[in-house]
Amino acid sequence: MIRSRRDLAAIALLVPVVAAVLLFALPLLGLLLRAPWSDFVPTLLSTPVLDALRLSLTCSFSAAACSFALGLPVAVWLAQGSSWQRNAVRVLVTLPMVLPPIVGGVALLLAYGRNGITGLSLPFTTTAVVVAETYVAMPFFVLTVEAGLRAFDRRYAAAAATLGSGPWRTFWTVTLPMIAPSVSAGLVVAWARALGEFGATITFAGNLKGSTRTMPLAIYVAFETHPDAAIVLSLVLVLIAAVLLFLLRDRWSPVR
Amino acid sequence: MTLHARFTLERDAMRLDIDLTAERGETLAIVGPNGAGKTSCLHAIAGLVRIKTGEITVDDEVLDNGTGSNFVPPEERHVGLVFQEHLLFPHLTALDNVMFGMRARGVERSAARAKATEWLTRVGLSECIGQRPATLSGGQAQRVALARALATTPRLLLLDEPLSAVDASTGLELRRDIRTHLDGFDGIRLVVAHSALDAFALADRIAVIEAGRVVQTGTVAEVCSQPRSPYVADLVGLNLFRGAVRAGMLELPGGSKLTVPPTPDGDVLATLHPRAIALYRTRPDGSPRNVWPAPVVSIETAVDRLRVQLGGAVPLVAEVTPAAVADLRLAEGGDVWVAVKASEITVYPA
Amino acid sequence: MTPLGHLTLLVATLAAGFGCDPSSRASTTVFASASLTEAFEALEIEFERRSGTEVDLHCAGTARLVVQLRAGATAHVLAAADLRNMQKIVNAGLADTAPRTFAKNRLSIVMAEGNPKQVKGLRDLAREDLLVALCGPEVPAGTYARQALDKAGISLVSVSDEPSVKAIMTMVQLGEIDAGIVYETDVRSAGNTVASIVIPERHNIVARYPVTVLSSGHATTAGQAFVDFLMSQPGQRILQSFGFLAP
């Protein structure tokens, strides 16, 4: 029995919430219910799975490191002002975020392939995986850090200058520590994006066990031959993501 | 050592045209209304904003002459600036904040630590060494900021409204301490002060900036006794008139005339202390020559007295005791008779 | 087929599964192996013209089609690229009729246009200066290619286990790999944008394409009509025009 408009409003809120919760919870439940629990550990410890896991972790951390090394200077430059050059670069850097990764893969192939415009011959190497993952992951890092820098109160940098600190020292000892939450959030999102990268990788880097077959590719392959193994691999990724969100819950949650 | 700052600068639709000189060993207070350009002036001296024309020099060294090629960046000026909101680095402890400037100038970690500890002890915060700025009170943070600036042994020390971020009770003690540290600092000292009290308590000389220009400079005594603008007069609590003396009478722009002490003819400024104004219900008899009726515009409480704003031909502020208000049955919108003795009016050349 | 293509198909399959039961419409849903794409597009047009029944054609890697059918996708006909995958459908009780071979195909070596690396036969594929890619072992074409190499006694390292013959064709056309093993029909439909070499009979593998009517389609007559057309002379003529061999 609905007693008041207030109750009605509460229900109007609750119904879509429940629907959304189901939308997210049911797939997870599906994985858990269908997982071959008796074979879980042997499957997890099998060579192909460990290879894929090792490769995924190596490549995603490398991609996060590359995003930091290249993305930080870009973010700093973008945050320094606004001009058409900066806007153009921002669009360029953000593009992979909105493009389907497969398009990124094709574009990377045409740029860094053997017959691409650079002729670098990157495809089919682990380096290509890192490049593909950096390509799709770095935009997240750059945008997050640029937002952090723009919100940074520059008077602190001014204070550092009056204390005798040059721009370089000020950046590393004042600005960067003060925007550390943005930097770490950016790194996490970039890393997670790299870990989950599929389309650009399979198109650009190929799919070979041990050198380019990361977890998502292994899941893709396993899904057609050993669906149980695909479920185990998927659960491993879910677990990694869950652990990460747990570790970063303070940074992540809007509630402090 | 002498600071000369004669420059113009434009910033956010504000134009500054400044001419200041400060000597080593004296404290110059910069006062002026909000938005007059006091902070920008300090920032130009510290090198945080560039001047457009003119020159800022310390002795023979040019810090900025508007050309860009002679611009000395802030980190090389050896100018200590204590910001209005202290701006302590939130990710560093009080000790690390004070060490920051020394480390930036290449002082060894252990030496910097020792000196920073000494400075924090000197400002009375030896207990707070390991605390982050967020856990410090406003007064404590301001002391750390002062220690941080002084620890770099600057040539110039600039304080931007050091007392604005603390409450009144802490302010009293902090003001005294700042005065002590200023006196102990052997360089050029500039303080932007928001209240007259701060300026008078901290400074030897005062420069008044209004609308981007220095309108008056002088010793505290000079500025207090002979304000040259309504803002300064208000700051020091005096009524100020601008007019001309002719044949012993002060003629005001509205046509009113006041009897003043004997003065040569010419354009003058005249001050009148609010407590020297006598109010009567009816026209008073006797000696005062300056007597006129005036409407009461408003009545405000000021500590132990009441400030009565009077309208009419000669707008004035008078201060009377609460008893007098009751006795005179003063009320806003009512009328009252004003009497001023000629000897209470101070006249000086404009 | 590209991963994006797979995704599109998956979405389409789900939509079909949710929204519209194929039996409720006068149309026939056909799932076909990716290597049959061009031929079945032509068959679709001809069948629709003759029977007036609309055909919904979905093409993807055979392995993927099997996964989708076992997960509950509904279709009338499955045309697979190998017997092993077809057997999974039979074992799952999804086949309504015994699978029949409707076409055969053979393997071919494909190289970039003009054969710049001078590949002359299977043996050359083991050359160290060549980048060679095969389909993954889960893909029928990948299994066949490995069988052919075994027969010839050649061992080579594939630089990538590509998800379909179409991906290999693209990589060869882009020049990212020097050679690959695909079906003869792929080479034929690529025209002269690639070069190719016939694999000798003694090493070649004959790929058999089986077709079955699916029980999930309910209206088995619709599926049977399409299979009959496939086996008929006009159907076979179309398949052969794309390079497929008679069963």
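Definitions and limits used
Residues numbered from 1 in each chain as written. Chains lettered and ligands numbered in written order. Predicted model: local features only at pLDDT ≥ 70, side-chain atom pairs only at ≥ 80, totals over all residues. Heavy atoms only, no water. Helix = DSSP H or I, 4+ residues; strand = E, 2+ residues; numbered from the N terminus. Buried < 20%, exposed > 50% of the residue type's maximum accessible area, 1.4 Å probe, protein only. Contact = heavy atoms within 4.5 Å. Lys, Arg positive; Asp, Glu negative; His and termini not counted. Charge placed at Lys NZ, Arg CZ, Asp CG, Glu CD. pLDDT = per-residue confidence, 0-100. Domains from an automatic or database assignment. Buried area = accessible area lost by both parts, 1.4 Å probe. Polar contact = N/O pair within 3.5 Å; in protein donor to acceptor, adjacent residues only side chain to side chain. Nonpolar A, V, L, I, M, F, W, Y, C, P; charged D, E, K, R; others polar. Pairing = 2+ DSSP bridges. Axes fitted to C-alpha atoms, helices over the stretch in contact; angles between N-to-C directions. Salt bridge = Lys/Arg side-chain N within 4 Å of Asp/Glu carboxyl O. Patch = residues over 30% accessible without salt bridge, like charges linked within 9 Å, V, L, I, M, F, W, Y side chains within 5 Å. Areas by Shrake-Rupley, 256 points an atom, 1.4 Å probe, with all protein chains shown as cover. Phe/Tyr/Trp six-rings, centres within 6.5 Å; stacked < 30°, edge-to-face > 60°. Lys NZ or Arg CZ within 6 Å of the ring centre and 35° of its normal.

Just to check I follow, could you spell out the overall build of chain A for this structure?
On a plain count of helices and strands, chain A comes out with 13 helices and zero strands. Starting at the N terminus and ending at the C terminus, chain A contains elements arranged as α-α-α-α-α-α-α-α-α-α-α-α-α. With the principal axes as the frame, chain A shows a C-alpha extent of 70 × 65 × 30 Å. Going through the 256 residues of chain A one by one, you find that 45% of them count as buried. Across chain A, contacts joining residues at least 24 apart in sequence account for 72% of those joining residues at least 6 apart. Both charge centroids of chain A, one from 18 positive and one from 10 negative side chains, sit 11 Å from each other.

Even after reading the chapter, I still don't get the confidence of the model for chain B, so can you show me in this structure?
Low pLDDT marks regions whose predicted coordinates should not be analysed in detail. All names here are of chain B. When pLDDT is averaged along chain B, the result is 88, and 99% of the positions lie at 70 or above. By mean pLDDT, the top-scoring element of chain B is helix H2 (residues 94-104) (95), and the lowest-scoring one is helix H6 (residues 196-202) (82). Reported for the predicted complex are a pTM of 0.80 and an ipTM of 0.81.

I keep staring at the domain arrangement of chain B and nothing clicks. Help me out?
One widely used convention gives an interface's size as the accessible area the parts lose upon coming together. All names here are of chain B. When the domains of chain B are assigned, the result is domain 1 (2-233) and domain 2 (237-349). Placing a centre on the C-alpha atoms of domain 1 and another on those of domain 2 gives a separation of 39 Å. The partner domain 2 presents eight residues to the eight residues of domain 1 that form the contact. Summing the contributions of domain 1 and of domain 2, the shared interface buries around 630 Å²; its carbon and sulfur component is 52%. Contact with domain 2 buries area across many residues of domain 1, yet Pro227, Arg228 and Ala233 alone supply 66% of it, more than any other trio. The tally of links from domain 1 across to domain 2 stands at five residue pairs in polar contact (both at pLDDT 80 or more). Mapped by element, the contributors of at least two residues to the side of domain 1 that touches domain 2 are helix H7 (220-225) and helix H8 (230-236). Among the residues forming the side of domain 1 that touches domain 2, the class breakdown is four nonpolar, three polar and one charged.

I tried to follow the sheet that holds strand E16 (residues 290-302) of chain B on my own but got confused; where do I start?
What links the strands of a sheet is backbone hydrogen bonding, and the strands pair in either a parallel or an antiparallel sense. All names here are of chain B. Taken in spatial order, the five strands line up as E15-E19-E16-E17-E18 in an open sheet, and their pairing is antiparallel. Edge positions in the open sheet fall to strand E15 (277-280) and strand E18 (316-320), since each of these has one partner strand only. Across the sheet, the axes of successive neighbouring strands diverge by a mean angle of 45°, strand direction being ignored. Bridging between E16 and strand E17 (residues 305-310) involves six bridges; their strand directions are antiparallel. Opposite Ile299, over in E17, you have Val308 as the bridge partner.

Is there a simple way to think about the pairing of strand E6 (residues 79-82) of chain B in this case?
All names here are of chain B. Of the two faces of E6, the one lined by Val79 and Leu81 and the one lined by Gly80 and Val82 are each fully buried. Where E6 lies against strand E7 (residues 156-160), four bridges are found, and the strand directions are parallel. Counterpart to Gly80 in the pairing with E7 is Leu157.

Honestly, the interface of chain A and chain B in this entry has me stumped. Any pointers?
On the chain B side, the residues contacting the 17 residues of chain A number 21 residues. Ranking the residues of chain A by area buried against chain B places A:Arg155, A:Thr162 and A:Leu163 at the top, with a combined share of 40%. Across the contact surface, chain A and chain B share one salt bridge. Between B:Glu85 and A:Arg155 there is a salt bridge; the shortest N-O distance is 2.9 Å. Linking chain A to chain B there are three residue pairs in polar contact (both at pLDDT 80 or more). For the side of chain A that touches chain B, the elements supplying multiple residues, two or more each, are helix H7 (155-162) and helix H8 (167-178) of chain A. Ranked by residues supplied to the side of chain A that touches chain B, first place goes to H7(A) with seven residues.

What's the story with a nonpolar patch on the surface in this structure? I'm lost.
All names here are of chain A. A contiguous nonpolar patch, built from Leu13, Leu14, Val17, Val18, Val21, Leu22, Leu26, Leu29 and Leu33 and spanning about 860 Å² of accessible area, is present on the exposed surface. Along the chain, the position of Val17 falls in helix H1 (residues 5-34). Residue classification places Val17 among the partly exposed positions, given a relative accessible area of 40%.

I would appreciate a short explanation of the pattern of salt bridges in the present structure.
Two side chains carrying opposite charge are able to pair once their charged atoms lie near each other. Residues and elements named next belong to chain B. Counting across every chain of the model gives 37 salt bridges over all chains. Lys257 is paired through a salt bridge with Glu251; the nearest N and O atoms lie 4.0 Å apart. A single network of salt bridges, built from pairs that share partners, joins Arg179, Asp183, Arg189 and Asp204.

In this structure, what is going on with the packing of aromatic side chains? I would like to understand it.
To describe a pair of aromatic rings, you give the distance between the ring centres and the angle between the ring planes. Inspection of the entire model under this criterion finds 14 aromatic pairs over all chains. Ring geometry for C:Phe40 against C:Phe226: centres 6.0 Å apart, planes inclined by 55°, an arrangement best described as tilted. One end of the pair, C:Phe40, is in helix H2 (residues 37-51); the other, C:Phe226, is in helix H8 (residues 220-231), with 186 residues separating them in the sequence. The pair C:Phe40 / C:Phe226 is uniform in exposure class, with both members buried. The ring of B:Trp119 carries B:Arg122 above its face, with NZ or CZ at 4.1 Å from the centroid.

Please clarify how the sheet that holds strand E14 (residues 266-272) of chain B should be interpreted in this entry.
All names here are of chain B. Pairing is antiparallel across the open sheet formed by five strands, whose spatial order is E13-E12-E11-E14-E20. Two strands lie at the open edges of the sheet, namely strand E13 (257-259) and strand E20 (345-349), each paired on one side alone. Sheet twist, expressed as the mean angle between neighbouring strand axes with direction ignored, is 40°.

Is there a simple way to explain the interface of chain A and chain C in this structure?
Contact residues are listed per partner, giving 21 residues for chain A and 23 residues for chain C. Taken together, the two surfaces of chain A and chain C that pack against each other cover about 2,100 Å², and 60% of this comes from carbon and sulfur. Together, A:Arg114, A:Phe124 and A:Glu224 form the three largest contributors to the area buried by chain A at its contact with chain C, with a combined 35%. Linking chain A to chain C there are two salt bridges. For C:Asp178, the salt bridge identified is with A:Arg114, shortest N-O distance 2.6 Å. At the junction of chain A with chain C, the criterion picks out eight residue pairs in polar contact (both at pLDDT 80 or more). Going through the elements one at a time, helix H5 (101-112), helix H10 (199-204) and helix H11 (215-225) of chain A are the ones with two or more residues in the side of chain A that touches chain C. Of the residues forming the side of chain A that touches chain C, the biggest block, five residues, is contributed by H11(A). By residue class, the composition of the side of chain A that touches chain C is 11 nonpolar, seven polar and three charged.

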